[in-house]
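Examination of the molecular architecture
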Amino acid sequence: MRQVYGWLLLTPAAILLIAFTHYPTVATLWHSFFSQGTAMRPAAYVGLENYLYMLDDEIFWKVVRNNALYAAGTIPASIAIALLMAVWVNGKLPLRGLARMAYFTPTILPMIAVANIWLFFYTPEIGLLDQFMRLFGLPSHNWLGDPDTVLWCIVVLAIWKEAGFFMIFFLAALQSLPPELEEAGRLEGAGRWYYFRRVTFPLLMPTTLFVLINATINSFKLVDQLFILTKGGPDNASSLLLYYIYEVAFSFLDEAYAATLTVALLATLAIIAIGQFFIMDKRIHYR
Amino acid sequence: MYRKLKQTIAAAALAGAFAFTAPAAAVELTMYYPVAVGGSLTKVVDGLVADFMKENPDIKVKAIYAGNYNDARIKALAALKSGEPAQLSVMFSIDIYELIEQDAIVAFDDIVKTDEEKTWLNSFYPALMENGKTGGKTWGIPFQRSTIVMYYNKDAFREAGLDPNKPPATWDELVSAGKKLNKGTAGQMDRWGMMIPSTGYPYWMFGALAMQNDQVLMNSAGNETNFDAPATIEALQFWRDLGEKHKVMPSGTIEWGTLRQNFLEGKTAIMWHSTGNLTTVKKNAKFDFGVAMLPAGKRRGTPTGGGNFYIFKKSSPEEQAASMKLIRFLTQPGRTAEWSIKTGYLGTRPDAYETDALKKYVVEFPPAAVARDQLEFATAELSTYQTGRVRKLLDDAIQSVLTGAKTPAEALGSAQSQADKVLKRYR
């Protein structure tokens, strides 16, 4: 009887999980073994053909490379800035509430709105960035139209958007640190930097891991800005994996290949998550 | 108070009873439609549909705004797949092959019966029918259609010593005018001669350049592309040269979304853009501006653009008849003229421009007629089987050339060979 009761309590969550997480995952894997289906040419089983096509697909490798650079650009920078901002607004400073709010604002704005604002920052000639450069007599640059700069423009936007969100977690963690530690440290003659490095930072590690996982996931799933800013261009220079999947699924209407790419994305994320949990977790001090 | 309430309820009940009994054999239609240029267009459509229902009380139309062209196709196809009713839709004119392959639409030739209906089918501008026809049948009826036109800043023309009433009519004139219109030093331009957008819809702009070089990009069966034809390569070289050699345009890609703002702020003297921007530019330009046909290379040319009516296969004969009624209503000369004035889209048939309303509007505001006059030189927008994929191949090739990563021959050669691979099974 108790067992039935337990299962009943689990049911709602289980139904949601199975319907929206497990079933789609399995279905995606299943679809990736079939060809693109239309009413006139029903999908047929093709084995690993989609995967072979993927390995041969230049654009796929390009978006994978872009995504790696995007992750490498956004994750460490947004975490570092978030931590810096958190320490800053945790201390005593005038208008502290205002500063906290200002840092948090980018988070509450919808990404599409943000991208529209930044589009006008980056626009050559009339954009804010170009007008600023002009003040110093620097030449105008076509930021989003140049394959060498476009990805970094996206990275900067992502950092700006994300750092404030992560700051909240660090701020909460900082406030839960007992003040005695700092007093004790000061009595022992520890400098501020030494204290941060040897006490504060290690105590923040559980939060850092949480933020790191979030930042990693976001670097794969946050692609809204591409729809407004670049549509993945020029020539796929700013396209990311998830955006490419969207294009294949809804512009090419090729569900089968989109499923194949999704499996690749899922596998990558799974490997990263496992790595983070098993390797990082052992080195983290939990109270 | 209480009696009044009772009266009201009785009246309401009575009215309700009538409402339910009167249109006994009512047909219900669901229509999806996209808006690509934003703003108040939904109100215009709702108004037209309400007028239709007033005239045809036995037909109920649910018009659903479905986002941009891409969203509209996704939503309509998803609705069909999930068994939700949708009898007709306005969708991208270039979706035709995709919709045929999905077996989603019926040809209008199979629905029209009377001679009068057959004449109606032939009453539109032939250029606008190109994207709606394949295999000898008509699958789409033009509704919200556009072409690319050249907007130019007359004040800038005067300042540069050019005749503001003589916009460049050939590629050579375009380059020389552009050089005169350039203002500022390299790297610090106060005003560029011209800008052609190369994000968003690069293939569309390129369709114009190719046509001006007397080359179409695909065949009408939708299974063959001409990306590596010498004239196509030449056209792309010209686009690249505008920025690299003649320096009348910024190099790299130019953003579709912010171009209008560049033009309105006087940062470019000429822009190529959709007629769909006409009303916005008219409202916001603080300078004297003109609209002209695109210049000619070997000839003039532009692709058409925009949305067509389609009727879905999954509908009963009565629903198809009602859909026809609605489409015919919305494409009457008078309605078409009203639509064109309110939006800036083309009047889709010659007799729309014979109506008093549109005649008067064209006299008051001559730029409204440029897109129509240009139809004579227009061709179909790039559209093939697997159109999303093929379009992207061309888009990528164009952008890789404009950013200097590849030469036109290289980029278009590889786009062609990949397009051949995709289209092989449709030949």
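Residues numbered from 1 in each chain as written. Chains lettered and ligands numbered in written order. Predicted model: local features only at pLDDT ≥ 70, side-chain atom pairs only at ≥ 80, totals over all residues. Heavy atoms only, no water.

1. Looking at the interface of chain B and chain A
A common way to state how big an interface is: give the accessible area lost once the parts meet. The interface of chain B with chain A comprises 36 residues on the first partner and 38 residues on the second. The junction of chain B with chain A conceals about 3200 Å² of combined surface from both sides, 48% of it contributed by carbon and sulfur atoms. Looking only at chain B, the three residues that lose the most surface to chain A are Gln188(B), Arg389(B) and Lys392(B), adding up to 19% of its buried area. Connecting chain B to chain A are three salt bridges. We note a salt bridge from Glu247(A) to Lys392(B), for which the minimum N-O separation is 3.5 Å. Among the secondary structure elements, those contributing two or more residues to the side of chain B that touches chain A are α3 (69-81), α4 (96-101), β9 (188-191), α11 (256-264) and α17 (387-402) of chain B. Of the residues forming the side of chain B that touches chain A, the biggest block, seven residues, is contributed by α17(B). Of the residues contributing to the side of chain B that touches chain A, the split by class is six nonpolar, 16 polar and 14 charged. (Contact = heavy atoms within 4.5 Å. Buried area = accessible area lost by both parts, 1.4 Å probe. Salt bridge = Lys/Arg side-chain N within 4 Å of Asp/Glu carboxyl O. Helix = DSSP H or I, 4+ residues; strand = E, 2+ residues; numbered from the N terminus. Nonpolar A, V, L, I, M, F, W, Y, C, P; charged D, E, K, R; others polar.)

2. Notes on the environment of Thr134(B)
Residues and elements named next belong to chain B. Among the secondary structure elements, Thr134 is positioned in strand β5 (residues 133-134). A relative accessible area of 11% means that Thr134 is categorised as buried. Note: C-alpha distance between Thr134 and Ala66 (68 residues apart in sequence) is 26 Å. Those residues in contact with Thr134 that lie beyond four places of it in its chain are Ile96, Tyr97, Ile100, Trp139, Ser220 and Ala221. (Buried < 20%, exposed > 50% of the residue type's maximum accessible area, 1.4 Å probe, protein only.)

3. Some details on the domain arrangement of chain B
Residues and elements named next belong to chain B. Per the domain assignment, the segments making up chain B are domain 1 (2-146 + 305-369) and domain 2 (147-304 + 380-426). Computed over C-alpha atoms, the centres of domain 1 and domain 2 are 32 Å apart. In this assembly, 26 residues from domain 1 lie in contact with 28 residues from domain 2. Carbon and sulfur atoms supply 54% of the area buried between domain 1 and domain 2, which totals about 2000 Å² over both sides. The largest share of the area that domain 1 buries against domain 2 comes from Ile94, Tyr97 and Ser146, three residues that together contribute 30% of it. (Domains from an automatic or database assignment.)

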